[in-house]
Every structure is written in C-alpha cells, then in structure tokens.
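Single-letter residue listing:
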Amino acid sequence: MGKRIGLFGGTFDPVHIGHLRGALEVAELMGFDELRLIPSARPPHRETPQVSAADRLEMVQRAVADLPPLVVDDRELKRDRPSWTIDTLESLHAELGADDSLYLLLGWDAFCGLPGWHRWEELLEHCHILVLQRPDADSEPPEALRDLLAARSIADPLALAGRGGQISFVWQAPLAVSATQIRQLLATGRSVRFLVPDAVLAYIHEHGLYRATN
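In this text, all values refer to a predicted model and were calculated from it rather than measured experimentally.

### Comments concerning the packing of helix 2 (residues 53–64) against helix 7 (residues 198–207)
Packing of helix 2 against helix 7 leaves a shortest axis separation of 8 Å and a crossing angle of 150°. The orientation of helix 2 relative to helix 7 falls into the category roughly antiparallel. The element helix 2 and its partner helix 7 pack so that their crossing is right-handed. Across the interface between the two elements, Asp55, Glu58, Met59, Arg62 and Ala63 of helix 2 pack against Ala199, Val200, Tyr203, Ile204 and Glu206 of helix 7. When the residues that make up the contact of helix 2 with helix 7 are grouped by side-chain class, the tally is six nonpolar, no polar and four charged.

Here it is, written out as structure tokens:
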C-alpha cells in the first residue's frame, strides 16, 4: 500500500491550537502517514499575511517539532507566484509514488469558495477532499458544488478509495480561537498564552511580531 498524506494549507498568521488540534484529530482519524501543513506565500483568496513568510514558516516548524505525523511542507513559499492549490497538488504527484494518495483538508467556508479557485474543477483528479465541518455550520453550498457533492460524496471518510476523486466530511467540535483574535490581542499587549504553542509564543516575543505600529 502507498502512503496516505493529508494536506492542510493556510497563512498560519500565526499558527494556533485550532489549526493544530484540528489537524491532529484528522490525522489520527484517517491514519495518515503524514499530514503536511503548507504555509501559503501569496494566498489568492485572502488578505496578505501580516508577518513575513520566513517568520510564519519558522512558527509552524516550531509548532509541529516532534509531533508526528504533522510535518511542514514549504513548497508554496518557494514559488514566485500566487499559491494555487492545483500547482501544489501537481508538484506533489511528481514526487510521490504511484500508490500514494493525497487528502486535501478544507474548512467549510473554503470548500464553499472552491468555484472561485484557479482550475478548481481539476482538484479531484489529484486528491480526495476532506471538508472539516463544525456542528454550527448551517450554510448551504453554492449551486456550482451541489452536483459535484451529489456525484462524489462518500458518507464515511474512512471509505475513501483510490488516489482521489471523492469528497467526505469530518465533523469537528469548534475551538473558539482565530488568528485574527490572536493578532488583535498581541497588538493591544494582552496575553495569548494557551492559544498558541509555547514555542510559537516564545518566537513571537523574541521577534516582536504582531505589535501595534502606532
């Protein structure tokens, strides 16, 4: 059998316990050999990150040190163009074995935004999609996704088969923490202890990140 590799992208500005706990839960549920956290350099659908790519990468690396199967993949930071997910999937397939399979983790809001992604119709040619849906998510998917869901959804994520082409949902209890909240706390001089790993907090303080500029 080939490797089962999860992919979890984001700006990680900064990485926090919500990212890490959610990723670890999915990795354990799915029995992944690896779950790669992929910091994006120039996210095409989000605002520009507040701190540098080098700082965000270092924080993620510190956060997952000695925490297998979570690992860091920095390929998107090495590109001189927007962080298109389809490019990441194609580059990964060029490196992996014929029996390896990829699982793209997306939050519900990101999944609903897929029709605006670059070459989004091709994503399932390269991976399965795991939608991380919280119990309080009650919005409907856009019409462009309804036929896709009807044709490609699998109720049990553990039943996903082959190298790609299917969609399943993983229900997760929400952790009330966000990167925006953390940046706001830091900008006003308040503590973010227990919202980020201690190693990440130490790096933030060491480099004076997210301080108010006025």
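### Thoughts on the sheet that holds strand 2 (residues 34–39)
Pairing within the open sheet is parallel, and its six strands lie in the order 3-2-1-4-5-6. Each of the sheet's edge strands pairs with one partner strand only, and the pair in question is strand 3 (70–72) and strand 6 (167–171). Averaged over all pairs of adjacent strands, the angle between strand axes in this sheet comes to 30°, irrespective of strand direction. Two elements, strand 1 (residues 4–10) and strand 2, share six bridges in a ladder whose sense is parallel. Considered in strand 2, the bridge of Phe8 is made with Leu37.

### Overview of the packing of aromatic side chains
Summed over the entire model, instances satisfying the criterion amount to five aromatic pairs. On the numbers, 5.8 Å between centres and 85° between planes, the contact of Phe8 with Phe12 is edge-to-face. For Phe12, a relative accessible area of 2% gives the class buried. Arranged with centres 5.1 Å apart and planes meeting at 45°, the rings of Phe32 and Tyr103 form a pair that is tilted. Here Phe32, found in the loop between helix 1 (17–30) and strand 2, pairs with Tyr103, found in strand 4 (residues 101–107); they are 71 residues apart in sequence, far enough to count as distant. Accessibility classification places Phe32 together with Tyr103 in one group, the buried group. The structure contains a cluster of three or more aromatic residues connected by ring pairs, namely Trp108, Phe111 and Phe169.

### Concerning the nonpolar core
Judged by nonpolar contacts, the single largest core of 37 residues is most densely connected at Phe32, Leu35, Leu37, Met59 and Leu130. When residues of this core are assigned to their parent elements, the largest contribution, six residues, is made by helix 1. Those residues in contact with Leu35 that lie beyond four places of it in its chain are Gly6, Phe8, Ala23, Ala27, Pro69, Leu70, Val71 and Leu105. Membership of the second largest hydrophobic core comes to 25 residues, among which are Ile38, Leu104, Cys127 and Phe169.

### Overview of the pattern of salt bridges
In the structure shown here, the tally under the stated rule is 13 salt bridges. Among the salt bridges present, the one from Asp198 reaches Arg193, with a minimum N-O distance of 3.2 Å. A residue is classified by how much of its surface remains accessible, and Asp198, at 46% relative accessible area, is partly exposed. A single salt-bridge network, built from bridges that share partners, covers Glu34, Arg36, Asp73, Arg75 and Glu95.

### A closer look at helix 7
Considered for burial, the residues of helix 7 that qualify are Val200, Leu201, Tyr203 and Ile204. Projected down its long axis, helix 7 shows its buried positions confined to an angular sector of 160°, all on one face. Turned more than 90 degrees away from the buried face of helix 7 sit His205 and Glu206, all of them exposed. For helix 7, the secondary structure elements touched by its buried residues are helix 2 and helix 6 (179–187).

Conventions adopted
- Residue numbers restart at each chain and count upward from 1, following the sequence in its written direction.
- This being a predicted model, a pLDDT of at least 70 is required before a residue's local features are given, and a value of 80 or more before pairs of side-chain atoms are given or counted; all residues contribute to the totals for chains, interfaces and linings.
- Computation of side-chain values covers all heavy atoms of the structure but excludes hydrogens and water.
- Every axis corresponds to a line fitted to the C-alpha atoms, with the helix fit spanning only the stretch in contact, and the corresponding angles, defined between N-to-C directions, vary from 0 to 180 degrees.
- Secondary structure elements are defined from DSSP: runs of H or I of at least 4 residues count as helices, runs of E of at least 2 residues count as strands, and each element is numbered from the N terminus.
- Oblique is the label for any angle not covered by the other classes, which are roughly parallel (under 35 degrees), roughly antiparallel (over 145) and roughly perpendicular (65 to 115).
- Crossing handedness: left-handed means the near helix sits turned counterclockwise from the far one by under a right angle, and right-handed means the same turn made clockwise.
- Contacts are residue-level and defined by heavy atoms, with any inter-residue pair within 4.5 Å sufficient.
- Polar here means any residue other than Ala, Val, Leu, Ile, Met, Phe, Trp, Tyr, Cys and Pro, which are nonpolar, and Asp, Glu, Lys and Arg, which are charged; Gly is therefore polar.
- By the convention used here, strands pair only if DSSP detects at least 2 bridges between them.
- Pairing of aromatic side chains requires ring centres within 6.5 Å, counting the rings of Phe and Tyr and the six-membered ring of Trp. Pairs whose planes differ by under 30 degrees are stacked, by over 60 edge-to-face, and all others tilted.
- When accessible area is computed with a 1.4 Å probe and restricted to protein chains, residues below 20% of their type maximum are described as buried, those above 50% as exposed, and intermediate ones as partly exposed.
- Buried Ala, Val, Leu, Ile, Met, Phe, Trp, Tyr and Cys residues form a nonpolar core when they are joined through side-chain atoms within 4.5 Å.
- For this analysis, a salt bridge means a side-chain nitrogen from Lys or Arg found within 4 Å of a carboxyl oxygen belonging to Asp or Glu.
- The arc in question is the one traced by the directions running from the helix axis out to the C-beta atoms.

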